[in-house]
Amino acid sequence: MMSDRKELIGFLIIFVFGILAPIVAPSHRIQFSELFIFMVFALTWNIQGGKMGYNTFGNIIFFGLGMYLCASTQISYAFNLSEWTAAGGINTFVHTIPEYFISLPLGLLVAAIVPTLVALVLGSFMLILRGHYFAIGTLGLGIAAGEFATTMDIWGGGMGMTVPIWPKVDGQDLELFLGVGVDFFFYLTFVLFLITFFTLRWLYSTRFGLILTAIRDNEDKAEAMGIPTMRYKVTGWLFSAFFMGLAGALFGNINGYIEPNEVAFNGATFGVYMVLMTILGGKGTLWGPIIGAILFQLFKEFFWTYFLGWQLVALGFLIVIIVVFFPEGLMGWLRGKKPEWFGEVVDKKARLAQVTINTND
Amino acid sequence: MILIQAPFLNLQAILDGVMIGAIFALVAYGMALAWGVMNIINIAQGEFVILGGYITFAVYKLGFSPFLGAPLSFAFLFVLGFLLYKLIVNRVVDKDMFISILATFGISIMIRQIMNLIFGSQVETALTGLGTVFLFDHNITIALVKLSSFAIAIAGAIGVIYFMKVSKLGRAIRATAQNARAARILGVNTEKVYAYTYAINAALCGLAGSLVVMTYTIHPYMGLPYTVRSFMIVIVAGLGNIPGVLASGLGLGAMEELASYAFGTEYRIGLVFLLLVFILVYRSKKLAKRREYLK
């Protein structure tokens, strides 16, 4: 863990950024909300991949599920869902203001609860798998989810569906009003990020956090010490699913359009992004995923602006570079350089001796 | 229900499945080779298959028989596999397995997107012009192209197995798989063995891909199901069990065909992935009773 002062500076930067960003750079508000969603991705992936040592590709299921469930709840509160998807949405049905602001919290509630329950069921058998079998099993599960969503006609099948648009008051300038919607969802993602961050910060400081680390280091020994590891692994997944469901719900509303394989259950982009961001920043640390998400969003915007058409090739290349050359991430690299920043007691003499041994090797 | 009521449909599905299963087995054999020798799981497997398909498709578009494309795909993918090993894969061989999964995932995304840019995103197939054989009063049809691709796949697999048994390189590969350190002490250049193993794996996928484009269709994004199928076949058969790979490959093909007749083809890929999860969980549950787990 970082020292208190540095953590305080980190909080301050994030708070100032979160409050001022939409005012200073209004044209990038959507990218900024995406950044907060990505931070939630990385933070929740880190519970499994970083703390617990269970590299999952399956957290995308909860994201996509949350997205679909929130949108369907929002729509069915006021209209008939199948008519909505059949009409292709947009101009035929518009929520009134009270309808919109009652259905959105309901949608968020459903998008938080159902994925958590799904995680409980899935976790009870998936988390028996270990190591790379877990990784490939969850990869399969994520893609199966996308394939089955394609066959769901009520959600528009492979064509996808639209999400309710921000309600319009008569006589208001449309552009201004949609702008308010973008601001609204920006602050919602910011709040979601804060809740996720502080929940996990508290979680890692408890006995629960220690047990997760114990599972990563040696699960059999942890079990031999009398820890019911399965229960802890599933609980860890519940936290991920809860926040991923909410992130999906918000992302669906920001994106305005849901499609099974390209948006909701996109294991090849979002499913890999979360792994990459965490590895880039440094897995197993609290701040690593956040730093990784910021760096990754910068890379991504750069690729999408200057290599349009080749952006996914560049993404593949980036994966290879990160994995091959920086498997320990930025925090890992920093830790090797400046262990005292991480509250490790450094004995200069012992460290020097260690360095000489390494060079002799 | 439909499975019991229509015996000929059943037989037809099993025949079709077995013929495509031979292609799956070929890809799975490549994966088992790379996994057993180098201890990496190659996620780019499926993209190699599709790329091999596109090479054959290009040969077909130039006006030649697609059968001519099969050796060309084999050779091209062999060279590509060798280069990829020298550039990327050699850096992840001795690392954690998840690192190799991610690195090959990156390779697979790159290949997939480059194919999408070069060949476009239409579904493609290469026609061989071979006819169809009808049996039992036209109730059973056997496309000759499927039959010949089955024969080529089996011949390819047997060729590689023979190569492994007889040639010097093959023996070096088997020695490295048994114990890399001992092989190194006894003078085997394991770096070279790894490079050729990865190249042979890619070449097998390329051959399989050229059979896929002749008998079925290809599309840049269709790679991942082949990776998952081969992974599934390898874990069912067990590493190093070559007859097992063939048997479970054929079995998987037959099962897939039957399932897509019973539930509809739109569920086919989803069911493949669910089957993978089911097999993994089933095997782990059995092992968990003895306090063991899949390693």
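Residues numbered from 1 in each chain as written. Chains lettered and ligands numbered in written order. Predicted model: local features only at pLDDT ≥ 70, side-chain atom pairs only at ≥ 80, totals over all residues.

## What to know about the overall build of chain B
Next up, step 1: On a plain count of helices and strands, chain B comes out with 12 helices and 2 strands.
Next up, step 2: Moving toward the C terminus, one meets the helices and strands of chain B in the order α-α-α-α-α-β-β-α-α-α-α-α-α-α.
Next up, step 3: Relative to a compact globule of 295 residues, whose C-alpha radius of gyration would be 19 Å, chain B shows 19 Å and is just as compact.
Next up, step 4: In terms of its C-alpha atoms, chain B occupies a principal-axis envelope of roughly 65 × 55 × 35 Å.
Next up, step 5: Among the 295 residues that make up chain B, the fraction classed as buried is 51%. (Helix = DSSP H or I, 4+ residues; strand = E, 2+ residues; numbered from the N terminus. Rg over C-alpha atoms; globule rule 2.2 N^0.38 Å. Buried ≥ 20, exposed ≤ 12 C-beta atoms within 10 Å, placed from the backbone.)

## Structural notes on the overall build of chain A
Next up, step 1: Of regular secondary structure, chain A possesses 16 helices and 2 strands.
Next up, step 2: By residue count, 45% of the 361 residues in chain A fall in the buried class.
Next up, step 3: When contacts within chain A are restricted to residue pairs at least 6 apart in sequence, those whose partners lie at least 24 apart make up 80%. (Contact = placed C-beta atoms within 7 Å.)

## A word on the domain arrangement of chain A
Next up, step 1: Examined at the domain level, chain A breaks down into domain 1 (28–294) and domain 2 (329–361).
Next up, step 2: A per-class count over the side of domain 1 of chain A that touches domain 2 of chain A returns 4 nonpolar, 5 polar and 1 charged. (Domains from an automatic or database assignment. Nonpolar A, V, L, I, M, F, W, Y, C, P; charged D, E, K, R; others polar.)

## A look at the nonpolar core
Next up, step 1: One finds Phe41(A), Ala247(A), Ala25(B), Leu26(B), Val27(B) and Ala208(B) to be the most contacted residues of the largest nonpolar core, which totals 199 residues.
Next up, step 2: Residue contributions to this core peak at 17 residues, all from helix H2 (residues 7–38) of chain B. (Core = buried A, V, L, I, M, F, W, Y, C linked by C-beta atoms within 7 Å.)

## Examining the interface of chain A and chain B
Next up, step 1: Opposite the 32 residues of chain A that make contact, chain B presents 37 residues.
Next up, step 2: Among the elements of the structure, helix H6 (131–150), helix H12 (270–281) and helix H14 (311–325) of chain A are those that each provide at least two residues to the side of chain A that touches chain B.
Next up, step 3: Per-element tally for the side of chain A that touches chain B: the top contributor is H6(A), with 12 residues.
Next up, step 4: Tallied by class, the residues present in the side of chain A that touches chain B amount to 22 nonpolar, 8 polar and 2 charged.

## Focus on helix H1 (residues 4–24) of chain A
Next up, step 1: Between its terminal C-alpha atoms H1(A) stretches 29 Å, which fits the 30 Å expected from 21 residues at 1.5 Å a residue.
Next up, step 2: Counting buried positions along H1(A) yields 0 of 21 residues, so the element is predominantly exposed. (Expected span 1.5 Å × (residues − 1).)

## Overview of the packing of helix H13 (residues 288–306) of chain A against helix H15 (residues 329–337) of chain A
Residue and element names in this part refer to chain A.
Next up, step 1: Their axes nearest at 8 Å, the elements H13 and H15 cross at an angle of 120 degrees. Between H13 and H15, the angle is such that the two are oblique. Contacts from Gly 288, Ile 291 and Gly 292 of H13 reach H15 at Gly 329, Leu 330 and Met 331.
Next up, step 2: Here the contact of H13 with H15 is composed, by residue class, of 3 nonpolar, 3 polar and no charged. (Axes fitted to C-alpha atoms, helices over the stretch in contact; angles between N-to-C directions. Parallel < 35°, antiparallel > 145°, perpendicular 65-115°, else oblique.)

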